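Structural overview for review
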Amino acid sequence: MTKVLIATDKPFAPVAVKGIRQVVEDAGMELALLEKYTGKDQLLDAVKDADALIIRSDIIDAEVFDAARQLKIVVRAGAGYDNVDLRAATAHGVCVMNTPGQNANAVAELVFGLLVYGLRGFFSGASGAELKGKKLGILAYGNVGRNVARIARGFGMEIYAFDPYAPAQLMESDNVQAVASVEELFSTCRIVSLHIPATAETKNSINHALLSLMPPGAIVVNTARKEVVDEASLAGIFDKRPDFKYLTDVKPDIAAELAARYPDRYFATPKKTGAQTAEANINAGIAAARQIVDFLCNGNTQFKVNNGDV
Ligand code: 3PG
């Protein structure tokens, strides 16, 4: 029997697993579950006889592909697939997909949770500030960026975005002002929310030069990937600008140092939590299961991300 394995270090909500099971079993396939695994050996063992894999931020590298002799498809239930070695997947003839947009609202809502918390002095009781009327810069206008803009409109913010890959028309129709460069975004907006994927091009791209451009009372929210922010620059800007705040659910490697030195300006959630809602788990998990069934039964490769260019 065809075996679909959910391998999630950070488990889905039980209701999402139930939904995934339904889709898989309705298609005459078997579902196996590996959650909260404590070592890579458990993952390597579990993938041995899996035909399909549903993952989240789990690292799927060449060693995992070597162990997974029967594997035909990996679906990352989520947007970013920087945790999957696409080259190794392609070399092993495995199709890799993501589920774009399925957890976007959850991540966008967290942005505003972090922002209200940050602007109100981490709920210290000191007089804080409001979002209304503030300039918000959205870096990358994909599914999450668009949801951030939708919610920001409700707060009465002035919204700007930079995304060389998104049509300016899309931003205009959302009442978002498209700016011409990332420098313009950072120099215009007091608040910048990052929604870029971690790629060779974007890693460490948020650097000292950009952060220095931000207006007084600058806040950067990072619910994307820690790797897109250059950590030496981050430490440097905290040191140089007493007005700078950084709010994130993707802890930098220097988290302990920042938390100790700047407890009133740096905040990170204890765990990565942007997509961790029942709704996002259901949406992304069930989409992943449906994509697997459609691929194995009908050869549908609509959401394939390793298209021979890796
Ligand atoms: C994504 O890329 O979809 C988000 O970062 C969510 O990641 P997670 O599944 O590890 O919560």
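On a predicted model such as this, the values are computed, not experimentally measured, just so you know.

What counts and what doesn't
- Residues numbered from 1 in each chain as written.
- Predicted model: local features only at pLDDT ≥ 70, side-chain atom pairs only at ≥ 80, totals over all residues.
- Heavy atoms only, no water.
- Near = heavy atom within 4 Å.
- Polar contact = N/O pair within 3.5 Å; in protein donor to acceptor, adjacent residues only side chain to side chain.
- Pairing = 2+ DSSP bridges.
- Helix = DSSP H or I, 4+ residues; strand = E, 2+ residues; numbered from the N terminus.
- Domains from an automatic or database assignment.
- Contact = heavy atoms within 4.5 Å.
- Buried area = accessible area lost by both parts, 1.4 Å probe.
- Salt bridge = Lys/Arg side-chain N within 4 Å of Asp/Glu carboxyl O.

All residues adjacent to the ligand are Lys-10, Arg-56, Ser-57, Arg-76, Gly-78, Ala-79, Gly-80, Asn-103, Arg-225, Lys-272 and Ala-275. At 3.0 Å, a side-chain N or O of Arg-76 approaches an oxygen atom of the ligand. Separating an oxygen atom of the ligand from a side-chain N or O atom of Lys-272 is a distance of 2.8 Å.

Here we have seven strands laid out as an open sheet, ordered S8-S7-S6-S9-S10-S11-S12, and parallel in their pairing. Each having just a single partner strand, strand S8 (177-178) and strand S12 (266-268) make up the two edges of the open sheet. Relative to strand S10 (residues 219-222), strand S9 (residues 191-194) runs parallel, the two being bridged by four bridges. Looking at S10, one finds that Val-192 is bridged to Val-220.

Once the domains are mapped, the chain shows domain 1 (3-102 + 276-298) and domain 2 (104-268). Relative placement of domain 1 and domain 2: their C-alpha centres are 30 Å apart. Counting from both sides, the interface comprises eight residues of domain 1 and, opposite them, five residues of domain 2. The largest share of the area that domain 1 buries against domain 2 comes from Asp-82, Gly-101 and Thr-277, three residues that together contribute 65% of it. Linking domain 1 with domain 2 are one salt bridge, by the criterion used here. Here Asp-82 ties to Arg-225 by a salt bridge, and the two come within 3.1 Å at their closest N and O atoms.

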